[in-house]
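For reference, the chains in residue letters:
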Amino acid sequence: MENKILGLHHITAIAGDAKRNFDFYSKVLGLRFIKKTVNFDDPGTYHFYFGDEIGSAGTILTFFPWGAGIPQGRRGSGMATEIGYSVPKGSLEKWVERFEKYNVIYNKPAERFGERYLTFIDPDGLKLELIESATPDNRKPWETDEVKADIATRGFHNVTLTLNNMTGTAAVLTEIFGYKLVSQDVNRYRFVTNAVENAAIVDIVELKEEKRGHVANGTVHHVAFRVKDDETLMKFREKVFAAGLNITPQIDRNYFHSLYFREPGGVLFEIATDNPGFTVDEKLEDLGKGLKLPKQYESRRSELEAHLAPIN
């Protein structure tokens, strides 16, 4: 595990209405709501975290719900365009039934790289996929009253980046992050790291003529890759910087420590640590229950609580 990128850490997207976002991911998809905090750069906006029981890296989907009526984003080049979750083999038909029940927009199951997958759209237009992973996924799922272990998501399977030209991005993945190109299906290229068993795949779809995407409601804001600790994080900072890319100083996000850089294809990448984790300010059984504020905003708690819409 030393000094390696350990697959995906989290993926952050933009949503509109906070309650609708909370209901869809915690109830329809059955993810655990693990943290209710604020956008550290804009404390009048929530930052939601969903994941497995403990918020393991590789299961964490986060949202900035900017509020109802925000401008709609557009999927396109220079962005992450699909988020893939791993689900058990044989579960897609049950997910189709579930999506019918909850009026979720979906496409009928298809196959890619020998894996069946089901594409669907969240209430804000974010595109996701449930994928019956070809490799065993023994991660322990979070279960709800309606979403049991036989169908529950295990965490991320992959993320898909759409790019006009993949050369620079592929170089970051292979030369800096340690991924290998393992397969190709027409213009879709699959990169995998052997450092971890799951959340280990990045797909690139190369579309030379695709218009640039617009990051707003219903789109991915950034993709975070996982490292073990701060020491490894700073080693990767040196590597990214040496490749001639601009990268931020280390930023404390309370639950992990981060670096950000825009890779050559235009996608905002983050590298994030396992430490300190989501139980740093709440007990495991209480994750997601309270509004957790970084210390710089604690003095504004009553004002922020009055402004932020109740969700749970």
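Residues numbered from 1 in each chain as written. Predicted model: local features only at pLDDT ≥ 70, side-chain atom pairs only at ≥ 80, totals over all residues. Heavy atoms only, no water.

**Focus on the side chain of H157**
Tracing the sequence through the fold places H157 in strand β10 (residues 155–163). A polar contact is formed between the side chain of H157 and the side chain of E115, at a distance of 2.9 Å. (Helix = DSSP H or I, 4+ residues; strand = E, 2+ residues; numbered from the N terminus. Polar contact = N/O pair within 3.5 Å; in protein donor to acceptor, adjacent residues only side chain to side chain.)

**Some details on unusual backbone geometry**
With an omega of 0°, the peptide bond running from N275 to P276 counts as cis. Note on placement: P276 falls in strand β17 (residues 268–276). A positive phi angle, close to 55°, is found at V186, a residue other than glycine. Following the sequence through the fold, V186 ends up in the loop between β11 (180–185) and β12 (188–192). A positive phi angle, close to 55°, is found at A199, a residue other than glycine. Within the secondary structure, A199 is located in the loop between β12 and β13 (201–206). Owing to a relative accessible area of 5%, A199 belongs among the buried residues under this scheme. (Buried < 20%, exposed > 50% of the residue type's maximum accessible area, 1.4 Å probe, protein only.)

**Points about the UniProt feature "domain: VOC" (unreviewed entry) in the chain**
Summarizing the sequence annotation, UniProt attributes the feature "domain: VOC" (unreviewed entry) to residues 7–133 and 155–274 in the numbering used throughout. Annotated as residues 7–133, this span is 17% helix and 46% strand, and its ends, taken at the C-alpha atoms, are 16 Å apart. Secondary structure content for residues 155–274 is 19% helix and 42% strand, and the end C-alpha separation is 16 Å. (UniProt positions renumbered as here; feature names shortened; annotations may be inferred.)

**Section: helix α4 (residues 230–242)**
When the terminal C-alpha atoms of α4 are compared, their 18 Å separation across 13 residues agrees well with the 18 Å that a helix rising 1.5 Å per residue should span. Turning to α4, its buried residues number three or more, namely T232, L233, F236 and V240. Projected down its long axis, α4 shows its buried positions confined to an angular sector of 100°, all on one face. Structural note: α4 exposes E231, E238, F241 and A242 on the side pointing more than 90 degrees away from its buried face. (Expected span 1.5 Å × (residues − 1). Arc of directions from axis to C-beta.)

**So, the pattern of salt bridges**
For the structure shown, the criterion picks out 27 salt bridges. Linking D203 and R188 is a salt bridge whose minimum nitrogen-to-oxygen distance equals 3.0 Å. Pair noted here: D203 is in strand β13 and R188 is in strand β12, with a separation of 15 residues, a long-range link. Note on accessibility: D203 and R188 belong to one class, buried. Beyond isolated ion pairs, a larger network of salt bridges with shared partners links E82, E115, K127, R188, R190 and D203. (Salt bridge = Lys/Arg side-chain N within 4 Å of Asp/Glu carboxyl O.)

**Quick look at the nonpolar core**
Counting 72 residues, the largest nonpolar core has Y25, F177 and F225 as the members making the most contacts within it. In contact with Y25, other than residues within four places in its own chain, are G30, L31, F50, L61, F63, D122, L126 and L128. Ranked by size, the runner-up nonpolar core spans eight residues in total, among them I34, Y49, I60 and A272. (Core = buried A, V, L, I, M, F, W, Y, C linked by side-chain atoms within 4.5 Å. Contact = heavy atoms within 4.5 Å.)

**Focus: the environment of Y85**
Summarising the element assignment, Y85 is placed in strand β5 (residues 79–87). Since its relative accessible area comes to 0%, Y85 is described here as buried. Sequence-wise, Y85 and Y189 are 104 residues apart; in three dimensions their C-alpha atoms are separated by 18 Å. Beyond its immediate stretch of four places on either side in the chain, Y85 contacts L31, T59, L61, L128, E129, L130, I131, T153, G155, F156 and H157.

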